[in-house]
Protein chains: 4
Amino acid sequence: MSGSIYGNIFKITTWGESHGSAIGVVVDGCPAGLSLCEEDIQKFLDRRKPGSSQFTTQRKESDSVEILSGIFEGKTTGTPISLLVRNTSQRSSDYSDIASYYRPGHADYTFDMKYGFRDYRGGGRSSGRETIGRVAAGAIASKLLEELGITVTAYTEAIGPVSINPEHINIEEARSNQTGMPDAEASSKAEAYLKECMENLDSAGGIVSCIVKNLPAGIGEPVFDKLDANLGKAIMSIGAVKAFEVGDGIKVASANGSTNNDSFYMKDGEISKKTNHAGGILGGISDGSDVIIKAYFKPTPSIFQEQETVNRTGEDIKINIKGRHDPIVVTRAVVVVEAMTAITILDSLLQNMTSRLDDIKNFYRP
Amino acid sequence: MSGSIYGNIFKITTWGESHGSAIGVVVDGCPAGLSLCEEDIQKFLDRRKPGSSQFTTQRKESDSVEILSGIFEGKTTGTPISLLVRNTSQRSSDYSDIASYYRPGHADYTFDMKYGFRDYRGGGRSSGRETIGRVAAGAIASKLLEELGITVTAYTEAIGPVSINPEHINIEEARSNQTGMPDAEASSKAEAYLKECMENLDSAGGIVSCIVKNLPAGIGEPVFDKLDANLGKAIMSIGAVKAFEVGDGIKVASANGSTNNDSFYMKDGEISKKTNHAGGILGGISDGSDVIIKAYFKPTPSIFQEQETVNRTGEDIKINIKGRHDPIVVTRAVVVVEAMTAITILDSLLQNMTSRLDDIKNFYRP
Amino acid sequence: MSGSIYGNIFKITTWGESHGSAIGVVVDGCPAGLSLCEEDIQKFLDRRKPGSSQFTTQRKESDSVEILSGIFEGKTTGTPISLLVRNTSQRSSDYSDIASYYRPGHADYTFDMKYGFRDYRGGGRSSGRETIGRVAAGAIASKLLEELGITVTAYTEAIGPVSINPEHINIEEARSNQTGMPDAEASSKAEAYLKECMENLDSAGGIVSCIVKNLPAGIGEPVFDKLDANLGKAIMSIGAVKAFEVGDGIKVASANGSTNNDSFYMKDGEISKKTNHAGGILGGISDGSDVIIKAYFKPTPSIFQEQETVNRTGEDIKINIKGRHDPIVVTRAVVVVEAMTAITILDSLLQNMTSRLDDIKNFYRP
Amino acid sequence: MSGSIYGNIFKITTWGESHGSAIGVVVDGCPAGLSLCEEDIQKFLDRRKPGSSQFTTQRKESDSVEILSGIFEGKTTGTPISLLVRNTSQRSSDYSDIASYYRPGHADYTFDMKYGFRDYRGGGRSSGRETIGRVAAGAIASKLLEELGITVTAYTEAIGPVSINPEHINIEEARSNQTGMPDAEASSKAEAYLKECMENLDSAGGIVSCIVKNLPAGIGEPVFDKLDANLGKAIMSIGAVKAFEVGDGIKVASANGSTNNDSFYMKDGEISKKTNHAGGILGGISDGSDVIIKAYFKPTPSIFQEQETVNRTGEDIKINIKGRHDPIVVTRAVVVVEAMTAITILDSLLQNMTSRLDDIKNFYRP
């Protein structure tokens, strides 16, 4: 069944394998009238590009995007926007081994169980390159959100045992260093930790945080399409994510109501909250505070130590994975988290427009 | 926009407010031929019924289910199954106060922001009674999964600071005590903790674990409809859940690849894994191991201490919530987690049936 | 798979069999703030009620609707509206015969092929009573459309060989006579024709027309969700409909461009069309003219003549259908066509609200 | 809102404008294991290619398809198949005039009303070139249906006043002549008629018939997703279609039950029908007979006669359309009807696989 389509109104369809001829996305349901050019999308793609630091694979992927449809005279027309990125750095020969066995922590085995065979080159559809389509679509969603004054910002919260100091957050720092951490001191420590991992032929996990600012109250639908439920799906659908939190997240389980409840109060004539344990969402609907979520990523499963596994003919074997692999997923995943969040927030904003009869009357009979 | 419909093939539509005349669910897409009677559903509903312990509200809700359609001669017909539960214990007068203000930690404010007004009686649509529809539908999904040899089992993992000992798990214990914990010793400690919370006019959070056994490998769709993404949405859509984990969950962020990867090996002629850090899902697709997830619930927001908030006219006020409220959500939520998991797993199994051309040929041209 | 859910934003889920305990619908996605009471819905249901004329079955079905959720203080709350109609006139014994054989023109055989068995009482889910849910939901859609100044009106265009004179259309006539024809003269002729059919133990087909007035231009989505495509599905999904037309319909196949094109011209400062061969839809999007569609219904398949068929054990047999059956579907189907049209038009209006960035900015940042 | 995605399990997303850089489709949900190469798709595209007869535009569009993803070692992998066709014959200068006015019978006005502006070059998204994506996806669906022994065949039934003789049907004739008619005699007459139309600077409408053979009984879902309802939407979504019929279509309205009912009888030990007025569908579900549908196309709206219309500034004007336009839509639309039918039939077959518990048990626990 179809698994590569996401969204209700702002709907994206991604496609492409790691070593196919291209990778891309079709965005259907983007409102008409948004100024959009390839540079708007390219700058997001560049943030996930490999080769930009010592902690990302040294593959040279230019990942240049081409807009094929949906734009006329510099603006979105309301019809599908098709985006294409050619795969240019395929070294399929690196992967000839893995055709015959199942790499631990990868989707090799599960794809074979599902489909009977798989495109094993570079992980095929389960490769991290699949996120190119997400990021390209997220660039469009982010640009549209900006028009509404809403910002979505993700950064690296932790790498292995190294966490940022929440009081030192500086987003410009995060955008310029090699870890994506908004805290120079933590970033240095994390770099040292990653070097150690690499020396040990090992890999590290980490945490990405994402904050949505200026989202109006009232966004999200009750029951199954709660804003946090949809964000949960969006984030958990990113490869290597094993946990998702909103607000205080797992800490709420050991909290008490008296401390976990956020008191409302009047601030400059507006209803506000004294604290934000809830992470900006109550009953699945935004409350006007910052929406704060976290994604927990597992360590890159491709490590250079010898590992035990089985092959397709059912024999226990030992393997040594070759090729070019990042020692950590997190640094390049920051922009993916940002993209999936932006798409989900935008989709929820669009869905919310039909919540009240008065608004509909005002729209059609102003 | 519609937010009360869930699922792709096995689709459920829930409806009903806490103090309306009834609450229910329509299950569309249930395969024909499943033996089903009201008792099958009632026994699930009884597990979420209030009044069954000292830690659940003393409201008397009989919550008797009536099957209105979709069954003929004791079997599902393939057409929609409509299930109805009358609300019988409405004491709306308890709620007259809350019409005018916004309870901290509740959806009062966000519903008003979204819709312009709200059915304030007992929380209306955002009440925990909304889960009756989920549990009733989950009972059907669970019964169908049993026919396939698949079991879904949830229990209380932690209440406040008290966690179970994973080596003491005994599900029968969990089904018979007042905490839902599968560990008698932890359960006693948790009872003591909850009594303390009640004496303090406070409430507690907790964790629910859920395990799916005997799920075949190959279930789940790549990219956006990953099995863990769909489970994440299913669980995060339950009121009061603030975090979701699969397998080792948040711990993976501080792990290394060498320890987090689960090695494959041959066991009795079958491909198996030596460990299950992944929680049974690789690349979004089941790997044949147990699927293990966790839901983190916040403390009940209705507490009996005085709280600060604002009213609808924008004044800072102090409130004292009355009525009957559970000091903890978790104990009654266990069956809700189980229901949402069962529905999601079943839906994924149904979706998977069209993955391979060979299976389709075998179906239509055996 | 699920087949009883319809709509994208205004989503309806119908359920119920002819001889089950009840029949109903859940409407999810209805905007908040619409005044709604049971009488609003009952008056639509009364238009499809049997027993109201000599050409409808003399079964006494009171078909009283109960609103179970989604309304508070007389207004829709934005949450699901659940509507229930109890089945009160079940004489299942009339149908004991048909358990064993396949009635020509009915869905008995196809349901058995699909599901392995069927609820044979009164046609089960394929009974005309299934339309109760559609009509109840359509009543809500119609009421909401009225708030926008849009009207949807259906009437009987033809019964067997008797057609109305388009110049004599009087909707009040259609609402008061026994044929639903808006032309008294044609109605008399049609009555005579129907009596003749009944004397011959036969049944008749007919045509229902439906006109949508005051629909703004710009409604409908390009490509697959064209307004006429969605109307086509809505109308073809009504039992017994075998053809669907928009505007000039089948006549366009023998027309020329020079006569079929509708010229635009300025009328009172507004863009208008001199003719309306297109039936108000160009490129799948409304053009501001009346939307005009037609549904062609086959004759009631239950006739009292002896018929040839086969039984479930594969023998050729002759049958005589008993029970109470309308000699024509059309007269009671008028309100069903109106309901499905209203639901589809409303859903398209809601979908259109996110077409332009300017409107979205105006909504969120006025 | 999104309008360019179609299907439930076999889901297609089309994109592209007439004069953009490319046009294409993404097919998500295609089962794994189907042999597929570009030639399989190209031969369908060639059937809709212009320039192949005197009745199609003399634009030279090579319309060569490139497969970008979803195929590995010659077989579908179960992941999205992305297909791309570069636009090579854009003469946008031909269309500079139409930027400023609204062509009668076209979507110029309605797109402007919906989106505020439009890509006017060659009709943009509302161009007939939009069907390239449909046909490419239909080629895949057709190939998969062949594996199940099911064939979908469309042909021209009528052009203006010239209809084929149903007793002379020869599909090879239809595939080789310039009208798509399976009757050489009718085809000659139709050619003469079309030449006459062209001499008159006029255009003609026509009818396309489509027959599905060997479809098993039981396909289609009750109520809203009836097989004929879904086919109705699929066909009505093709530009220029104004009516849709199944089986006897509009004729049923003037028929009687005694003649319209198809008697079942035993034929060679199988349940069969003596006639097929129903067109192979009863109660929305296939009955094992041929499924027979018809699409009625309006004449090409672009004619070379002077026409009256208005411009964007609201003035009455007279226009003379230039450029290259087919005098009839039908001949090139035959393969589009076939494609949309194949996609819908395949999707319905896939949906049906979860109808019975026994089949599901047999699948997972054989």
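Source: prediction; values computed, not measured. Throughout, residues of each chain are indexed from 1 in the direction in which the sequence is written. A letter from A marks each chain and a number from 1 marks each ligand, given out in the order of writing. Local features are withheld for residues below a pLDDT of 70 in this predicted model, meaning they are given only at 70 or higher, and side-chain atom pairs are given and counted only at 80 or more; totals for whole chains, interfaces and linings count all residues. Hydrogens and water are ignored here; the side-chain numbers use all heavy atoms of the structure.

**Some thoughts on the overall build of chain A**
Just so we agree on the cut-off: Where helices and strands are cited, they refer to DSSP runs of H or I of at least four residues and of E of at least two residues respectively, numbered from the N terminus. We compute the radius of gyration from the C-alpha atoms alone; for a globule the expected value is 2.2 Å times N to the 0.38, where N is the number of residues. We call a residue buried when its accessible area falls under 20% of the maximum for its residue type, exposed when it is over 50%, and partly exposed in between, using a 1.4 Å probe and counting protein chains only. Whether two residues are in contact is decided by their heavy atoms: any pair within 4.5 Å suffices. Positive charges are assigned to Lys and Arg, negative charges to Asp and Glu, while His and the chain termini are left out of the count. Lysine's charge is taken at NZ, arginine's at CZ, aspartate's at CG and glutamate's at CD.
When you go through chain A residue by residue, the secondary structure sums to nine helices and 18 strands. In terms of overall size, chain A behaves like a compact globule, its C-alpha atoms giving a radius of gyration of 22 Å where 366 residues would be expected to give roughly 21 Å. By principal-axis analysis of the C-alpha atoms, chain A measures approximately 65 × 50 × 40 Å. Within chain A, buried positions represent 67% of all 366 residues. The long-range fraction of contacts in chain A, counting pairs at least 24 apart against all pairs at least 6 apart in sequence, stands at 68%. Placing the 39 positive and 47 negative side-chain charges of chain A at their respective mean positions leaves the two points 3 Å apart.

**Concerning the pairing of strand β13 (residues 270-273) of chain B**
Defined as follows: Strands are labelled as partners when DSSP assigns at least two bridges between them.
Inspection of the sheet shows strand β12 (residues 264-267) of chain B paired to β13 of chain B by four bridges, in the antiparallel sense. From the neighbouring strand, Lys267 of chain B faces β13 of chain B, where its bridge partner is Glu270 of chain B.

**Examining the packing of aromatic side chains**
Both the distance between ring centres and the angle between the ring planes are used here to describe each pair of aromatic rings. How we decide: Pairing of aromatic rings covers Phe, Tyr and the six-membered ring of Trp, with a centre-to-centre limit of 6.5 Å; geometry is then stacked below 30 degrees between planes, edge-to-face above 60, and tilted otherwise. The rule for a charge over a ring is simple: NZ of Lys or CZ of Arg within 6 Å of the ring centre, and within 35 degrees of the ring normal.
Going through the model one piece at a time under the given rule, you end up with 28 aromatic pairs over all chains. In textbook terms, an aromatic cluster arises when at least three aromatic residues are bridged by ring pairs, as seen for Tyr102 and Tyr109 of chain A together with Phe264 of chain B. The ring of Tyr115 of chain D has Lys114 of chain D lying over it, and the distance from NZ or CZ to the ring centre is 5.8 Å.

**What to know about the relation of the copies chain C and chain B**
Here is the rule we go by: The superposition of copies rests on a least-squares fit of C-alpha positions from residues with pLDDT of 70 or more in both.
Once chain C has been moved 0.0 Å along the axis and rotated by 180 degrees, it coincides with chain B to within an RMSD of 0.0 Å. Taken together, the rotation and translation relating the two chain copies correspond to the operation of a two-fold axis. When each C-alpha of chain C is compared by its distance to the rotation axis, Thr13 of chain C comes out closest, at 3.7 Å. An overlap of 100% is found between the interface residues of chain C and their copies at the interface of chain B, pointing to a shared contact surface.

**Some points on the sheet that holds strand β3 (residues 22-28) of chain B**
All names here are of chain B. Just so we agree on the cut-off: Axis lines are fitted through C-alpha atoms, for helices just across the contact stretch, and the angle between N-to-C directions can take any value from 0 to 180 degrees.
Across the sheet, five strands lie side by side as β1-β2-β3-β7-β4; this open sheet has antiparallel pairing. A single partner strand is all that each edge strand has here, and the edge strands are β1 (5-6) and β4 (65-67). With two bridges joining them, β1 and strand β2 (residues 11-16) adopt antiparallel strand pairing. Bridge pairing in β2 links Tyr6 to Ile12. Lying over the sheet, helix α1 (residues 38-48) contacts β4 and β7 (81-86), oriented at roughly 150 degrees with respect to β4. The strands that helix α3 (residues 131-147) touches are β2, β3 and β7; relative to β3, the one it contacts most, it runs at about 35 degrees.

**Let's talk about the interface of chain C and chain B**
The cut-off we apply is this: What counts as buried area is the accessible surface, traced by a 1.4 Å probe, that two parts surrender upon association, with contributions from both included. A carboxyl oxygen of Asp or Glu within 4 Å of a side-chain nitrogen of Lys or Arg is what we treat as a salt bridge. We call two N or O atoms a polar contact when they sit within 3.5 Å, provided that within protein one can donate a hydrogen and the other can accept it, with sequence-adjacent residues counted only if both atoms are side-chain atoms. Amino acids are sorted into nonpolar (Ala, Val, Leu, Ile, Met, Phe, Trp, Tyr, Cys and Pro), charged (Asp, Glu, Lys and Arg) and polar (every other residue, Gly among them).
On the side of chain B, 44 residues touch chain C, which itself brings 44 residues to the contact. Between chain C and chain B, a total of about 3,400 Å² is buried, with carbon and sulfur atoms accounting for 64% of that surface. When the buried area of chain C at its contact with chain B is split by residue, Leu68, Phe72 and Phe117 of chain C rank highest and sum to 18% of it. Summed over the shared surface of chain C and chain B, the result is two salt bridges. Where Arg86 of chain B meets Glu66 of chain C, a salt bridge forms, and the shortest distance between an N and an O atom there is 2.9 Å. One can count 11 residue pairs in polar contact (both at pLDDT 80 or more) joining chain C with chain B. For the side of chain C that touches chain B, the element with the most residues is strand β2 (residues 11-16) of chain C, which contributes five residues. Taken together, the residues that form the side of chain C that touches chain B break down as 16 nonpolar, 17 polar and 11 charged.

**Description of the pairing of strand β18 (residues 316-319) of chain C**
A regular strand places its side chains so that they alternate between the two faces of the sheet. Residues and elements named next belong to chain C. Inspection of the sheet shows strand β17 (residues 307-310) paired to β18 by four bridges, in the antiparallel sense. From the neighbouring strand, Thr309 faces β18, where its bridge partner is Ile317. Taking the residues that link successive antiparallel strands as the turn, the β17-β18 hairpin has five residues, and the phi of Gly314 there is positive, at about 85 degrees.

**A short note on the interface of chain D and chain C**
Accessible area lost on assembly of the parts is the figure often given for the size of an interface. Taken together, the contact between chain D and chain C spans 106 residues of the former and 106 residues of the latter. Scanning the region where chain D abuts chain C turns up six salt bridges. Put simply, chain D and chain C have 55 residue pairs in polar contact (both at pLDDT 80 or more) between them. Residue contributions to the side of chain D that touches chain C peak at seven residues, all from helix α2 (residues 108-115) of chain D. Class assignment for the residues of the side of chain D that touches chain C results in 46 nonpolar, 38 polar and 22 charged.

**Some points on the sheet that holds strand β11 (residues 241-246) of chain B**
Strand order in the open sheet formed by 10 strands is β9(A)-β8(A)-β10(A)-β16(A)-β11(A)-β11(B)-β16(B)-β10(B)-β8(B)-β9(B), and the pairing between neighbours is antiparallel. Each edge of the sheet is formed by a strand with only one pairing partner; in this case those strands are β9 (162-163) of chain A together with β9 (162-163) of chain B. With five bridges connecting them, strand β11 (residues 241-246) of chain A and strand β16 (residues 291-297) of chain A associate as antiparallel partners. Considered in β16 of chain A, the bridge of Phe244 of chain A is made with Ala295 of chain A. Helix α6 (residues 227-236) of chain B rests against β11 of chain A together with β11 and β16 (291-297) of chain B of the sheet, and its axis sits at about 155 degrees to β11 of chain B.

**Description of the relation of the copies chain D and chain C**
Placing chain D over chain C gives an RMSD of 0.0 Å and needs a rotation angle of 180 degrees, together with 0.0 Å of translation along the axis. Interface overlap between copies: 100% of the residues of chain D at the interface are likewise at the interface in chain C, consistent with a symmetric, same-surface contact.

**Quick notes on the environment of Ala342 of chain A**
Residues and elements named next belong to chain A. Note on placement: Ala342 falls in helix α8 (residues 330-352). Taking the relative accessible area as the measure of exposure, Ala342 reaches 0% and is therefore buried. In the structure, Ala342 is positioned 314 residues away from Asp28 in sequence and 15 Å away in space, judged by C-alpha atoms.

**Some remarks on the packing of α3 of chain B against helix α8 (residues 330-352) of chain B**
Residues and elements named next belong to chain B. Short version of the rule: These descriptions rest on fixed angle ranges, namely under 35 degrees for roughly parallel, over 145 for roughly antiparallel, 65 to 115 for roughly perpendicular, and the rest for oblique. For a crossing to be left-handed, the near helix must be turned anticlockwise from the far one by less than a right angle; the clockwise case is right-handed.
α8 packs onto α3 with a crossing angle of 50 degrees between their chain directions and a minimal axis gap of 7 Å. In terms of axis orientation, α3 runs oblique to α8. Classified by chirality, the crossing of α8 by α3 is left-handed. Residues Thr131, Arg134, Val135, Ala137, Gly138, Ala141, Ser142, Leu144 and Leu145 of α3 touch α8, and the partners they reach there are Val335, Val336, Ala339, Met340, Ala342, Ile343, Ile345, Leu346 and Leu349. When its residues are assigned to classes, the contact of α3 with α8 shows 14 nonpolar, three polar and one charged.

**So, unusual backbone geometry**
Residue and element names in this part refer to chain C. For Leu201, which is not a glycine, the phi torsion comes out positive at approximately 55 degrees. Inspection of the secondary structure puts Leu201 in the loop between α5 (184-199) and β10 (206-213). Positive phi, normally seen in glycine, also occurs at Asn214, with a value near 70 degrees. Checked against the element boundaries, Asn214 lands in the loop between β10 and α6 (227-236).

**Some words on the layout of surface pockets**
Defined as follows: Cavity means a closed set of points on a 1 Å grid over the protein atoms alone, one where a 1.4 Å probe fits but cannot get out, pocket means an open set with protein on both sides within 12 Å along at least 5 of 7 lines, and lining means a residue has an atom within 4 Å of a point. Grid points are joined across faces, edges and corners, and a volume is the space filled by probe spheres set on the points.
Taken as a whole, the largest pocket encloses approximately 710 Å³ of empty space. Contributing to the lining of the largest pocket are 30 residues, with Met353, Asp359 and Phe363 of chain A together with Asp359 and Phe363 of chain C lying nearest its centre. Split by residue class, the lining of the largest pocket holds 16 nonpolar, eight polar and six charged. Around the second largest pocket, the lining is made up of 23 residues, and of these Glu270, Ile271, Asp287 and Gly288 of chain C together with Tyr109 of chain D lie nearest the centre. Put simply, the parts of the chain that give the lining of the second largest pocket at least two residues each are β12 (264-267) and β13 (270-273) of chain C together with α2 of chain D. Sorting elements by how many residues they give to the lining of the second largest pocket places β13 of chain C first, with four residues.

None of the figures reported here should be taken as evidence of function without further support.
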